[in-house]
Amino acid sequence: MSNSSAIGESLDPKSTETLDSENIPTAAASNTDTTKNQEEDVMATPENVKNSSNVHKRYCADMSLTEVKNLDCLLVADTCMECVCQPLENLLQHLEGSKPSQAELIFILVYAVALESGFVSLKTLQSNKSMIKYLPATSSYHSKNVLCLSLLPPLYIKSEGLERFSLKLRSLIDVEMQTEEDVFSLLVGFVCGDYIILTLSPSNSTGANGFSVALPIGRYVLSMHSKNKPVFQRFRKLHELSLVLRDKLFTPMRNQHLCRLEAVIYPSLNGMPPELYDNILKYLSYNQLKILANVNKTLYNTTVCSKHMLKYLQQSTSPRAIASRSHCR
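Definitions and limits used
- Residues numbered from 1 in each chain as written.
- Predicted model: local features only at pLDDT ≥ 70, side-chain atom pairs only at ≥ 80, totals over all residues.
- Heavy atoms only, no water.
- Salt bridge = Lys/Arg side-chain N within 4 Å of Asp/Glu carboxyl O.
- Helix = DSSP H or I, 4+ residues; strand = E, 2+ residues; numbered from the N terminus.
- Axes fitted to C-alpha atoms, helices over the stretch in contact; angles between N-to-C directions.
- Left-handed = near helix turned anticlockwise from the far one by under 90°.
- Contact = heavy atoms within 4.5 Å.
- Nonpolar A, V, L, I, M, F, W, Y, C, P; charged D, E, K, R; others polar.
- Core = buried A, V, L, I, M, F, W, Y, C linked by side-chain atoms within 4.5 Å.
- Buried < 20%, exposed > 50% of the residue type's maximum accessible area, 1.4 Å probe, protein only.
- Pairing = 2+ DSSP bridges.
- Polar contact = N/O pair within 3.5 Å; in protein donor to acceptor, adjacent residues only side chain to side chain.
- 1 Å grid on protein atoms, 1.4 Å probe; cavity = no way out; pocket = protein on both sides within 12 Å on 5 of 7 lines; lining within 4 Å.
- Points joined across faces, edges and corners; volume = space filled by probe spheres on them.
- Phe/Tyr/Trp six-rings, centres within 6.5 Å; stacked < 30°, edge-to-face > 60°.
- Lys NZ or Arg CZ within 6 Å of the ring centre and 35° of its normal.
- pLDDT = per-residue confidence, 0-100.

Trainee: So, the pattern of salt bridges: which residues are in play, and what are the values?
Mentor: Across all of its chains, the model carries five salt bridges by this definition. With a shortest N-O distance of 3.1 Å, Glu104 and Lys158 are connected by a salt bridge. Taken together, the residues Glu104 in helix α6 (residues 102–116) and Lys158 in strand β2 (residues 157–158) connect sequence positions 54 residues apart.

Trainee: For the packing of α6 against helix α10 (residues 238–260), give the residues involved together with the corresponding values.
Mentor: Interaxial distance between α6 and α10 falls to 10 Å at its minimum, and their mutual angle equals 65 degrees. Once α6 is placed against α10, the crossing between them reads as right-handed. Judged by residue contacts, Leu109, Val110, Val113, Ala114 and Glu116 of α6 engage Leu238, Leu241, Ser242, Leu245, Arg246 and Phe250 from α10. When its residues are assigned to classes, the contact of α6 with α10 shows eight nonpolar, one polar and two charged.

Trainee: Summarise the nonpolar core; cite the residues concerned and give the values.
Mentor: The nonpolar side chains of soluble globular proteins are, as a tendency, buried together. The biggest cluster of nonpolar side chains holds 50 residues, and the ones touching the most others in it are Leu88, Leu198, Phe235, Leu245 and Phe250. Counting residues per element, this core draws most heavily on α6, at 12 residues. Phe250 has contacts with Val110, Val113, Ala114, Ser117, Phe119, Leu169, Leu200 and Leu245, leaving out every residue within four places of it along the chain. In terms of nonpolar packing, the next biggest core, distinct from the first, is built from seven residues, Ala137, Ile173, Val183 and Ala263 among them.

Trainee: Can you tell me about the side chain of Ser185, naming the residues and giving the values?
Mentor: With respect to the helices, strands and loops of the structure, Ser185 is situated in strand β4 (residues 184–192). The contacts of Ser185, once residues within four sequence positions are left out, are Phe119, Leu167, Lys168, Leu169, Leu200, Ser201, Pro202, Met253 and His257.

Trainee: Give me the lowdown on the pairing of strand β5 (residues 195–202), citing residues and values where you can.
Mentor: Where β4 lies against β5, eight bridges are found, and the strand directions are antiparallel. What sits directly across from Leu187, in β5, is Leu200. Connecting the antiparallel pair β4 and β5 is a turn made up of two residues, with Gly193 showing a positive phi of about 70 degrees.

Trainee: Which residues make up the environment of Ser205, and what values do they have?
Mentor: In this structure, Ser205 sits in the loop between β5 and β6 (211–216). For the pair Ser205 and Glu181, spaced 24 residues apart in the sequence, the C-alpha separation amounts to 7.7 Å. A polar side-chain atom of Ser205 sits 2.4 Å from a polar atom in the side chain of Glu181. Looking at Ser205, its side chain comes within polar contact range of the side chain of Ser203, at 3.2 Å.

Trainee: Please provide a residue-by-residue account of the layout of surface pockets, values included.
Mentor: Empty space within the largest pocket amounts to approximately 310 Å³. Lining the largest pocket we find 11 residues, and of these Cys259, Arg260, Glu262, Lys297 and Thr298 sit closest to its centre. Elements that contribute at least two residues to the lining of the largest pocket include exactly α10 and α13 (297–304). Each residue belonging to the lining of the largest pocket can be placed in one class, and the counts come to four nonpolar, four polar and three charged.

Trainee: Describe the packing of aromatic side chains, and please don't skip the residues or the numbers.
Mentor: Using the criterion set out here, one finds five aromatic pairs in the structure. On the basis of an interplanar angle of 65 degrees and a centroid distance of 5.4 Å, the ring pair of Phe107 and Tyr156 is categorised as edge-to-face. Remark: Tyr156 occurs in the loop between α8 (143–150) and β2 and Phe107 occurs in helix α6; sequence separation between them is 49 residues. We classify Phe107 as buried; its relative accessible area is 0%. Consider the rings of Tyr156 and Phe165, whose centres lie 6.2 Å apart with planes at 70 degrees: the pair is edge-to-face. Look at Phe165 and you get buried, because its relative accessible area is 0%. Directly above the ring of Tyr312 sits Lys311, whose terminal nitrogen or CZ lies 5.4 Å from the centroid.

Trainee: Give a description of unusual backbone geometry that names residues and reports values.
Mentor: Phi at Lys237 is positive, roughly 50 degrees, even though this residue is not glycine. Structurally, Lys237 is set in the loop between α9 (217–220) and α10. The exposure class of Lys237 is partly exposed, given its relative accessible area of 46%.

Trainee: Please give an account of the confidence of the model for the protein that cites residues and values.
Mentor: Scored by pLDDT, the protein has a mean of 77; 72% of the residues are at 70 or more. Long-range and interchain partners of residues 1–32, a stretch whose pLDDT sits below 50, account for six contacts in this model, where long-range means more than four residues apart. Note that residues 55–68 has pLDDT below 50 and, in this model, eight contacts with residues that lie over four places away or in other chains.

Given below as structure tokens:
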């Protein structure tokens, strides 16, 4: 049947029914029905929602393609063959026109994870203080910081043979400090055969420990590169790489900076209120209290000054305890 005949049939006066004024839907009625439907959707219980993925699909349908990509790919660990997180893409754009080596690409990945872990290049911070937000001790990731800093070129130093890379970093902590050295660290990567050895060292004046890790270059960056494909498709196992870098380098160093500033790191033993300490210490023996006191300075002061430790010390210095020790000898 053609479209014209279909239209003609729909306009046939014999087949047209007369609409009463009571049956004509008004705009107010349609708006009321829409409002009721919206209220039913809002008030729906979790039992009525059969699949939460449908909610995600409806939400993504109202967003642009770029917004969907940014929602599903926020971190370096989310990068895959199909998409790359926006900060990493910004950092790779600084390498356009050059032919970066595998080791340099890994160092770029390391710098991207450093940004996500609450670090910033010292030179970048000195020239762009107004655009950077300092972070509390309870947080290390700030999406706007990472995005803005990725738009700036990473100011690392590389040797002529591209076998050594170095970058001065600083923790973005909003705690008052005595000197800049309290939150300073030096990131160095040097190639040794098929590996790149990364070291993260604090300032020499602090006397604190440094951290290091050895990464197989070919495991995370492929040597082969096609001209028609983007650089990020050479990356592999970035979720594993991000986890290793956080656990071995950046999280221990940031925690060390926070301990030096005597800032509370949540969630941890250092972040509990004093009442909980008292409830826990009363169940520990004298030897267990001594072990807990050797963990760090904060727990040492808390344990040694507690009434439970004093009770054990008084018992050990009582005349009966001294007499029993002399008898054993």
